[in-house]
Amino acid sequence: MIKIEHIGIAVKDLEVSNKIFEDILGTSSYKMERVESEGVSTSFFKVGPNKIELLEASDPSSPIAKFLDKKGEGIHHIAFAVDNIEDEIKRLVSLGYRLINETAKKGADNKRIAFLHPKSSNGVLIELCQDEQ
Ligand code: ZN
């Protein structure tokens, strides 16, 4: 793992939350992106070497919609940057960790991503991400 790449926060209303995080961080969102395959609309903020990713459900059957129903707004996942996502997936699977994605898929912000199952990691949803070449 290289660093914490971003922290994902589930929000009910992206517009409202954009304003909140603009106020808190003193900077504007640098990117808003809809990821159809995940049923989410995202908004990214830079915080030093790290980022905050706001996630709003754009589809009522998406994992984010389910998370919001069950737990309400709040921290959804922590993303770690990796050099080689395939190697990292193999390494964690070989150690017995359960992954939600055993093959990397396309995520927001030009990343290839895979999630570990939170049951494998103390209830914390962990995302591995690698910059798209
Ligand atoms: Zn993320």
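Residues numbered from 1 in each chain as written. Predicted model: local features only at pLDDT ≥ 70, side-chain atom pairs only at ≥ 80, totals over all residues. Heavy atoms only, no water.

1. Quick word on the coordination of the zinc ion
So, point 1. Within the protein, the zinc ion binds to His6 (NE2), Glu53 (OE), His77 (NE2) and Glu127 (OE); these donor distances fall in the range 2.1 to 2.2 Å.
So, point 2. Each of the four donor atoms around the zinc ion contributes to a set of angles spanning 83 to 168°, which defines the coordination as irregular.
So, point 3. In the primary structure, the donors to the zinc ion are separated according to the pattern H-x46-E-x23-H-x49-E. One end of the pair, Glu53, is in strand 4 (residues 50–57); the other, His77, is in strand 5 (residues 74–81), and 24 residues separate them in sequence. Comparing Glu53 with His77, the two get one shared label, buried. (Donors = N, O, S within 2.8 Å, 3.2 Å for Na, K, Ca; no water. Tetrahedral: all angles 85-135°; square planar, octahedral: opposite > 155°, others 65-115°. Helix = DSSP H or I, 4+ residues; strand = E, 2+ residues; numbered from the N terminus. Buried < 20%, exposed > 50% of the residue type's maximum accessible area, 1.4 Å probe, protein only.)

2. Topic: the environment of Asn18
So, point 1. Along the chain, Asn18 turns up in helix 1 (residues 14–25).
So, point 2. Residues Asn18 and Asn84 lie 66 residues apart in sequence; the distance between their C-alpha atoms is 31 Å.

3. Topic: the packing of aromatic side chains
So, point 1. Tallying each qualifying case throughout the model produces two aromatic pairs.
So, point 2. Ring geometry for Phe21 and Phe45: centres 6.3 Å apart, planes at 45°, overall tilted. One end of the pair, Phe21, is in helix 1; the other, Phe45, is in strand 3 (residues 40–47), with 24 residues separating them in the sequence. (Phe/Tyr/Trp six-rings, centres within 6.5 Å; stacked < 30°, edge-to-face > 60°.)

4. Some thoughts on the sheet that holds strand 3
So, point 1. In spatial order, the strands read 2-3-4-1-5-8-7-6; together these eight strands make up an open sheet with mixed pairing. Because the sheet does not close on itself, it has two edges, and the strands there are strand 2 (31–35) and strand 6 (105–107). Adjacent strand axes in the sheet meet at a mean angle of 35°, parallel and antiparallel pairs treated alike.
So, point 2. Sheet analysis places strand 1 (residues 3–10) next to strand 5, joined by seven bridges and oriented antiparallel. Across the sheet, the residue bridging to Ile9 is Ile75, located in strand 5.
So, point 3. Along the sheet, helix 3 (residues 85–94) makes contact with strand 7 (111–116) and strand 8 (126–131), crossing strand 8 at roughly 150°. (Pairing = 2+ DSSP bridges. Axes fitted to C-alpha atoms, helices over the stretch in contact; angles between N-to-C directions. Contact = heavy atoms within 4.5 Å.)

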